[in-house]
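Coordinate inspection notes
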Amino acid sequence: AKNNGRNRFEFFTPAMQQMAQNRMRMIKELRVALSANQFRVFYQPIIDLNTGDIIKAEALIRWQHPERGLVTPAEFIPLAEETGLIVDIGNWVFRESARQLKHWGSLCDREFQISVNMSPIQFHSSDFVCKAWHTYLQELELPPHSFTIEITEGLLLDIDAAVTDKLVEFHDIGIQVAIDDFGTGYSSLSYLKRFDIDYLKIDQSFVRDLATDPDDMALSEAIIVMAHKLGLKVIAEGVETEAQQKLLFAAGCDYAQGYLYSRPIPAEALEQLLTAAAK
Ligand code: C2E
Ligand code: CA
Ligand code: CA
Ligand code: CA
């Protein structure tokens, strides 16, 4: 009887078995990572193209694994979503970055903002996320509009009333909403009419060849014009070169984020950038 569990693996090739084992180990490790304090939030500055100021930062999670070192989100977010662990992880990212924001607010005189990524699983999972976040912001005396949630178009494909209600709820308490990876989802644009959205983030796949591919330039310009007519601000992602920055600025893009300015960096490093800029 003891071997019954193992027999199921007879249908797997050794490679598949290895993959299944890795997966199980990763799930086990992910479960302890939160309580073992192994996650880190890195911050990537977002620049106002008109002034050059850092006006906000995107919170991007990293996993400081005891043996494997710094693990990127691509390697564990999908598994965290499948297992539902993303809900607790997402709440942790929010609280951690809110604490940081509170601290930074006392350092620089300008208002500073944070953007957090929100997985559809997190969005659907609980009715309490929004209220809990609101309460936490009140405790810290942080204005809700200093937070933006980044969601992808996929979430809005769902004409599910629950999605609409939750988006309205976030918007009602004052948290801002950004559409991440804009233009890469297979959705219609009609959601832009139905939902209160504050920012579109032009996906890096459009920005990459901006200087050499007229189609990418045309698409980026069209997104910016449309967004502005709808009263939305535009953030360009993955800006790596001066040439891309120039073209985006000329097209009227509001904000930019990318290696040209900074990679995602630990809190202390962002703090140095902010205090240097405040002098
Ligand atoms: P994303 O939200 O589209 O984040 C942007 C990704 O592009 C980040 O990768 C960032 O490091 C990278 N990036 C920024 N500037 C440049 C650039 O100039 N060139 C290039 N080539 N890449 C650039 P990262 O940090 O590995 O995150 C990957 C994805 O993982 C994110 O994509 C997001 O979907 C997800 N993610 C990260 N943190 C969280 C989190 O706390 N919660 C959830 N649900 N998802 C997260
Ligand atoms: Ca994002
Ligand atoms: Ca993105
Ligand atoms: Ca992207």
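Quick caveat: nothing in here was measured; it's all calculated off a predicted structure.

Looking now at the coordination of the calcium ion (ligand 4). Taken together, Asp181 (OD) and Asp203 (OD) make up the protein donors of the calcium ion (ligand 4), found 2.7 Å from the metal. Separating the calcium ion (ligand 4) from the calcium ion (ligand 3) is a distance of 3.4 Å, and Asp181 supplies a donor atom to each of them. Placement of the pair is Asp181 in strand S6 (residues 176-182) and Asp203 in the loop between strand S7 (199-202) and helix H10 (204-207), with a sequence separation of 22 residues. Among the residues examined, Asp181 registers a relative accessible area of 26% and is labelled partly exposed.

A metal bound by six donors in octahedral fashion has ideal angles of 90 or 180 degrees, whereas one bound by four tetrahedral donors has an ideal angle of 109.5 degrees. Taken together, Asp180 (OD), Asp181 (OD), Glu237 (OE) and Glu237 (OE) make up the full set of protein donors to the calcium ion (ligand 3), lying 2.2 to 2.6 Å away. In this structure, the calcium ion (ligand 3) lies 3.8 Å away from the calcium ion (ligand 2), the two metals sharing Asp180 as a donor. Here Asp181 is found in strand S6, whereas its partner Glu237 is found in the loop between strand S8 (233-236) and helix H12 (242-250), with 56 residues between them in sequence.

Running from amino to carboxyl end, helix H2 (residues 14-33) crosses helix H3 (residues 73-83) at an angle of 80 degrees, the nearest separation of the two axes being 10 Å. Judged by the inter-axis angle, H2 sits roughly perpendicular to H3. Residue-level inspection shows Arg23, Met26, Ile27 and Leu30 of H2 in contact with H3, the latter providing Glu75, Phe76, Leu79, Ala80, Glu82 and Thr83. Classifying every residue of the contact of H2 with H3 gives six nonpolar, one polar and three charged.

Residues in contact with ligand 1 amount to 21 residues; listed here are only the nearest, Gln44, Arg62, Asn117, Glu240 and Tyr259. Within the side chain of Asn117, an N or O atom sits 3.0 Å from an oxygen atom of ligand 1. Here an oxygen atom of ligand 1 sits 3.4 Å away from a polar atom, N or O, in the side chain of Asp181. Protein chains shield 80% of the accessible area of ligand 1, which is 810 Å² for the free molecule. If you list the elements that add at least two residues to the shell around ligand 1, you get strand S2 (54-65), H3, helix H4 (86-105) and S6.

Basis of the calculations
- Residues numbered from 1 in each chain as written.
- Chains lettered and ligands numbered in written order.
- Predicted model: local features only at pLDDT ≥ 70, side-chain atom pairs only at ≥ 80, totals over all residues.
- Heavy atoms only, no water.
- Donors = N, O, S within 2.8 Å, 3.2 Å for Na, K, Ca; no water.
- Helix = DSSP H or I, 4+ residues; strand = E, 2+ residues; numbered from the N terminus.
- Buried < 20%, exposed > 50% of the residue type's maximum accessible area, 1.4 Å probe, protein only.
- Axes fitted to C-alpha atoms, helices over the stretch in contact; angles between N-to-C directions.
- Parallel < 35°, antiparallel > 145°, perpendicular 65-115°, else oblique.
- Contact = heavy atoms within 4.5 Å.
- Nonpolar A, V, L, I, M, F, W, Y, C, P; charged D, E, K, R; others polar.
- Near = heavy atom within 4 Å.
- Polar contact = N/O pair within 3.5 Å; in protein donor to acceptor, adjacent residues only side chain to side chain.
- Areas by Shrake-Rupley, 256 points an atom, 1.4 Å probe, with all protein chains shown as cover.

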